[in-house]
Every structure is written in structure tokens, then in C-alpha cells.
Amino acid sequence: MMQVNPVVDSGASHRWRQLHIIAGSPEKTCARAANLLEGDRYVWVGRRRPAWAEKSVSPEKIGALLGQEVLNLIFDAHEGFDADAFAIAAGLVIGGGRFLLLVPPLQQWLDAEQRFLRRLARLLEKIAPEPPPSRLPASEAPAVATDEQVQVIEALRHVAHGHRKRPLVVVADRGRGKSAAFGMAAATLLAEGGRTVLVTAPRRSASLALFRHAALALPDVREYKGGLELGDSRLKFVAPDELLHALPGCDLLLVDEAAGIPVPMLEKLLLHYKRIAFTTTVHGYEGSGKGFTLRFARVLDRHRPQWKKLFMHEPVRWAADDPLEKFTFRALLLDAEPAAVSGDALPDLHGLVVERLPRDDLARNELLLRQLFGLLVSAHYRTTPADLQHLMDAKNLHLWVGWLNEQPVSAMLVAREGPLPQALHEPIMKGKRRPADNLLPLAVATQCGYPEALGLHCERVVRIAVHPALQRCGIGSRMLQSLRDSAPRRGVDLLGSSFGATPELLRFWRRNGFEPVRLGFRREASSAAHSVLVLDGLSPAACKVQAGSRQGFQDRFALQLAEVFSDLSPELVQVLMQATDGPGPPLSPADLAALRAFSDGSRQYLDCLSALYRLALHQLAAGAEGTEILVLKLLQKRSWQDVAGAMGMSGRKAVSKRLRQHVALFLAS
């Protein structure tokens, strides 16, 4: 029998949003939704589109609607519940609107194999039929800036007119009007005349609200090449990559939904633009702003210690205590927090207990689920609602938990991969087959050139999360040590991981016995970093694969630097190339003679190029200090002027002198 549960019957007369749960067959729920919204405009979100649906979008493409507002929305979950799409959809509906969730009979989800769906069905069963009356009827919705928005507008005025290098960060949940406040502030600047305000965001659609509110505040404004123009003032959107490439001048740079832009890109913008402000969503579809805020705060503290943060709490697009928002937060754990622990003193790691936890325990223990997901949210740069589904239900995934004083303080997600059937080895190596959920053995076989990896039992560390108050205390290393120590009992041959390469992360993995064997040629969109593959061989066969893959990487990487990695930071190159067994082959007598002649000025740079190149390989393998100039000039083969700019020097003559001095110091050591 079809069930219809209207959470709010009087939402149209309040600024709360109605949430209707319609359970039953696809045909009956579809017909019921059509009856409820007869004569009203709506958006249908789902993989199947009824003939009567006037506007529809698939869950995978709902991001195209970001920045828009809808009064009525139907979310069809009969063919699967997409957590990311649901989070986006919920934020599109404005106060007084209706959100219709179409689901199968709840017993079907209660009996499902997926833990996420079973939990969701239990939550849907508990929804109260009628919440308390809203405090703010629709007729009383604020038509002007709220007190919090006025505070943000005033703070932005100080960024634009006050002391330079004092950026502003505005933090809020969705619907709090932060983008609107930025738009209104931009309008006041444009009205001054002769102003250029630039806007950037993960995608143009994310900044639509900002531009819409700027236009509303300026009746005489006109559209100008995708932006707004008022006299000789302009408000213009520039994509993040284009902005970093061109670095156009402006009076103020506004970065909307900053959590969706990699921190390294934001850091470059922060260093170049002296008047800049950011917004970020605390719990959102782009990925939780909690982890982002923690990481970006460290960047701000380092470069701009006088930065300011403002929080916005009161919703603008709907009333406080909105039932749809509360259900979304509860269902997707958007407000999950790690366990409360004290970080005042170094923890006693003797009391740390690391164990593999059955994921059925998460389905039975809501508090533990919230605490562990809160760890992932706080410790990782970008955690999306879909990560909750992955945590609970991803195939071949194991969960490891670190307990300290009976509190979960760390979590590690490990995927079990391989061995692959022998019959698939040849098709895989020929590029004809790529079995899912086997990233590690496939990468080692096809990219590193070791097909033997296809026959190994592998475990890939997907993510490690340590409580923010207890990071850099050795807990992450203890988690990896526990994984390695127990691996023989599970028959594991090879451990590995893949992540966005930074010097800090690579040092951590190398300290724990994992060696880099491949660096992705393109930067990841999520981190703006190249993905690095690291391995730790356990069995004799796996050790052979690791050693060969590492040697192959060392041979290739030095040559790849000038081809595809010429913009890689010298510090990262140094960490990647340092050998675990000391320096590489010694320099020959001929090399040493050439280096002596170069250092005293009797031979030119090009005449000593081969010796200088081998010196660079030798010193980088040895982990020598001061090798930045060798990386930039000898390996990445940048121009003399580029090297001078990167090292803060005047030009070719100064770089050449520094290079000769470096060689002389090596010879004297």
C-alpha cells in the first residue's frame, strides 16, 4: 500500500519547507506526486522521466541547477538514492516550497543489503507528521539585508578600503545568504565608480546568487560580457584556472564556495591579491567545509595572520528549524563531529588500540557512525555526502579504528583488491579489460609495467583520518603499522595507496615504508596536485614488484621532469627522488674534473652539462640540501630567467654564479 507522509501540511503559509515522503510503487508514487503538485511549477530529479514532467534533470547532472531557486521539487529515489544529488536538491527549494521524496515501500529498504538504505528507511519511519508552527510566516520574509548580512557587507567594505593583506572568510551553512551578502557588497563598490570586482568559484553556476543580488541592488546595471557593468565599474566572473594564469588586476577579489577550490590554488590567489574575501559552506554538497576550514586556516595564519572570520547562523532562504534542513542534516550526517577529546597534552600512545571494525557495527551504533564520519569530515580536505554511503556500503572495503581512552580518535579505510583471474591478465595488459575495484594491481601492472601484480593479494589505503586535536602525534603511523603487522594473517602481499602528492604527505608515507613508484601526469581537479602511487611490498614476490617499480620510476622521473613536470615544486621533486639506500652511483673522475672546471669558471655550462646532470641525480638521491637550483635548471630545464624568478634572483648571471658556488661547495665537502 502506498504511503504518503506530509511532514508539514501548512508550509505554504510559513517559511518552512514541506517534506512529503511518498512510498510505494514507481507508478503510484509518480501519480500521487502529480496530484499534489497539479497546476504548480516544479523540477523532477530522477533517472526516469514521466511524460508529464515539465522540467527534469538526472541526479548526475543536478549540479547544473546550482545557484537557482525552485518552489517545488520531486526527488525520485526508486532507482537508487544519490546522497550528493539529494543534498544539492534540498538546497534548491526555497521557504514555503515543497520537496517530494519518492521511495519504494519502506520495508523494501529495511530489508536491503545496503546499510545506508536500512538506516535511511528507519529515519523516514520516525519523521514527525507535524512540527511546531514556524516563527516567521512567508509574508514576513526579510526583503532587505539581515543583521548578519549587514555585518558581512561592512566587513567587505573594510577589506576593500582598509589595510591590505587582511582577508575575510565568511563561513555558513547553505541558505544563510552569504553569497547574497557578497553580491550586495559588490554592488556598493560598483556604485562608487571606477571599480573592478572579480568573482571566482568552482563553477560559474555557484556564483549566480552573488550576481543576482548585485543586479537587484543596482537598478541601472547592465550585463557586460557575462558580468555586470555600471558606468566605468565592472563585476566579472573569472574561472580559477584562468584567474591564476592571467592574474588580472582588480579592486577586490571575491571567492565564492571556496571549499570547492583546491587549497594550493587558493594559496596562490591569497599571495597575489592583497584585497580578497572567501565564502565557504560548513556542511555542503561541494564537500564539508570543516576539513577545508582547518587546512585553509593554517595557510591564512602563515601568510595573512590578521585575517578575519565571520559566521552566519540564521537562515535567509527559509525559516529557522526548517524540517527539510533538519532531515537532510540527520540523514546525511552533515553536522557530524568527531568525539570530544583534549589536545592540550601529547597523548599516551601506549593506550592506543587499533582494530578492524565490522561495518555492521556502524549500522547498529548511530553515535559511533557520527563520530567516525565526523573524523573523516574534519581530517579530510573534501568529504561529500556520498562518502557516507561509501563508508557504510562500498564493496571490498574494511574499516580500521584507533581507540584512545575508549574514544575513536582515528579511522582508516582499506580496500581489498586482487588477485585477478589468470584469464584476465592478458586482456588487462592489452587494455581490453579494466575490472572495477582493483585500482592498485591494475596501476602497478599497466602503468609501472609489472603484470605480476595482477596475481597478488593487495590492500589499498583509501583514507586515513586522525582527530584534528591529535594530529602529528604518531597516530597515523600506528594505524599503518597495525595494518602491516596483521597483513600476513590476512594473506596480503602488497600494501599501497594513491593520493594528491605534497611534500608533507610524501614524507609521512615514506617514513612508514611506502615508496613512490608513479606520479600522475595531470593534476587532480579536487586537490590541484598530481596523484602519486606508493607501495610497500610484504611477500617476496611483492618486494620484487616494489623494488622494480621504484627503480623504474627513478629512471623515468628524472627524464619526465622536463616533459610534463616542469612546474612541480623543487621540494616535492626532492622528496620523490631521495633514495632509501643512500646516494646513487658515484660520480666518475671525468665528471669530477668537469665539475671542478665549471666551478672555477674555466669551462662553460653547456660543456659541463652531462656532469652537472649526473651531479643533480647524485645529490637528490642522497637527500642533499640546497638542490633547488639543480632541479629547476638541470632537471626541469627551465630558462635562466625562469630560474631567476623562482629563486628571487636578478637574472642569468646571478643564477650561473649561484650554480658555480653550489658545485664548489659539493667538491669541498
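Conventions adopted
Residues numbered from 1 in each chain as written. Predicted model: local features only at pLDDT ≥ 70, side-chain atom pairs only at ≥ 80, totals over all residues. Heavy atoms only, no water. Phe/Tyr/Trp six-rings, centres within 6.5 Å; stacked < 30°, edge-to-face > 60°. Helix = DSSP H or I, 4+ residues; strand = E, 2+ residues; numbered from the N terminus. Buried < 20%, exposed > 50% of the residue type's maximum accessible area, 1.4 Å probe, protein only. Contact = heavy atoms within 4.5 Å. Core = buried A, V, L, I, M, F, W, Y, C linked by side-chain atoms within 4.5 Å. Arc of directions from axis to C-beta. Pairing = 2+ DSSP bridges. Axes fitted to C-alpha atoms, helices over the stretch in contact; angles between N-to-C directions.

Peer 1: Provide a residue-level description of the packing of aromatic side chains, including the pertinent values.
Peer 2: Across all of its chains, the model carries 18 aromatic pairs by this definition. When the ring of phenylalanine 75 is compared with that of phenylalanine 86, the centres are 5.4 Å apart and the planes differ by 90°; the resulting orientation is edge-to-face. Note that phenylalanine 75 is positioned in strand β5 (residues 70-76) and phenylalanine 86 in helix α2 (residues 83-92), a separation of 11 residues in sequence. The exposure classification of phenylalanine 75 matches that of phenylalanine 86, with both residues buried. With centroids separated by 5.0 Å and ring planes inclined at 85°, the aromatic side chains of tryptophan 509 and phenylalanine 514 adopt a geometry described as edge-to-face. Feature note: the residues Phe75, Phe81, Phe86, Phe99, Trp109, Phe116 and Phe327 constitute an aromatic cluster, connected by ring pairs.

Peer 1: Tell me about the side chain of arginine 550, and please be specific about residues and values.
Peer 2: When you line up the elements, arginine 550 lands in helix α19 (residues 540-560). Dropping the residues within four chain positions of it, arginine 550 is found in contact with Arg510, Glu515, Pro516, Val517, Leu576, Met577 and Gln578.

Peer 1: Just give me the short version of unusual backbone geometry, but keep the residues and values in it.
Peer 2: With an omega of -5°, the peptide bond running from glycine 418 to proline 419 counts as cis. Counting through the fold element by element, proline 419 comes out in the loop between β17 (407-417) and α15 (422-429). The backbone of lysine 165 sits at a positive phi, close to 60°, despite the residue not being glycine. With respect to the element layout, lysine 165 can be found in the loop between α5 (147-161) and β7 (168-172). Positive phi, close to 65°, is recorded for arginine 472, a residue that is not glycine. Inspection of the secondary structure assignment puts arginine 472 in the loop between β18 (458-466) and α17 (475-486). Judged by relative accessible area, arginine 472 falls into the exposed class, the value being 60%.

Peer 1: Help me get a handle on the environment of threonine 196, residues and values and all.
Peer 2: Structurally, threonine 196 is set in strand β8 (residues 196-200). In this structure, the C-alpha to C-alpha distance between threonine 196 and alanine 206, residues 10 residues apart in sequence, is 20 Å. Leave out the neighbours within four places in its chain, and threonine 196 touches Arg234, Gly249, Cys250, Asp251 and Leu252.

Peer 1: Quick rundown of the environment of valine 655? Include the residues and the values.
Peer 2: Mapping valine 655 onto the fold places it in helix α25 (residues 652-668). Looking at valine 655, the relative accessible area reads 1%, which means it is buried. Distance in space between the C-alpha atoms of valine 655 and valine 492 is 50 Å, their sequence separation being 163 residues. If sequence neighbours within four positions are ignored, valine 655 has contacts with Ile629, Trp640, Val643, Ala644 and Met649.

Peer 1: If you had to explain the nonpolar core to someone new, which residues and values would you point to?
Peer 2: Counting 66 residues, the largest nonpolar core has Leu73, Phe75, Phe81, Phe99, Leu101 and Leu124 as the members making the most contacts within it. Counting 64 residues, the second largest nonpolar core, distinct from the first, contains Val414, Phe508, Leu561 and Leu635.

Peer 1: Residue-level account of helix α9 (residues 263-272), with values.
Peer 2: Three or four residues apart is the spacing at which side chains of an α-helix point the same way, because the helix has 3.6 residues per turn. Residues of α9 that are buried include every one of Val263, Met265, Leu266, Leu269 and Leu270, and no others. Buried positions in α9, seen along its axis, are confined to an arc of 155° and lie on one side of it.

Peer 1: Summarise the sheet that holds strand β9 (residues 222-224); cite the residues concerned and give the values.
Peer 2: Reading across from one edge, β9-β10-β11-β8-β12-β13-β7-β14 is the order of the 8 strands in this open sheet, with mixed pairing throughout. Either end of the sheet is taken by a strand with one partner, and the two such strands are β9 and β14 (308-312). On average, adjacent strands in this sheet sit at an angle of 20° to one another, irrespective of strand direction. Inspection of the sheet shows β8 paired to strand β12 (residues 252-255) by 4 bridges, in the parallel sense. Bridge pairing in β12 links leucine 198 to leucine 253. Here α5 sits on the sheet and contacts β7, β12, β13 (276-281) and β14; the angle it forms with β14, its principal contact strand, is near 160°. Lying on the sheet, helix α6 (residues 178-192) is in contact with β7, β8, β10 (227-230), β11 (233-237), β12, β13 and β14; it crosses β13 at an angle near 160°.

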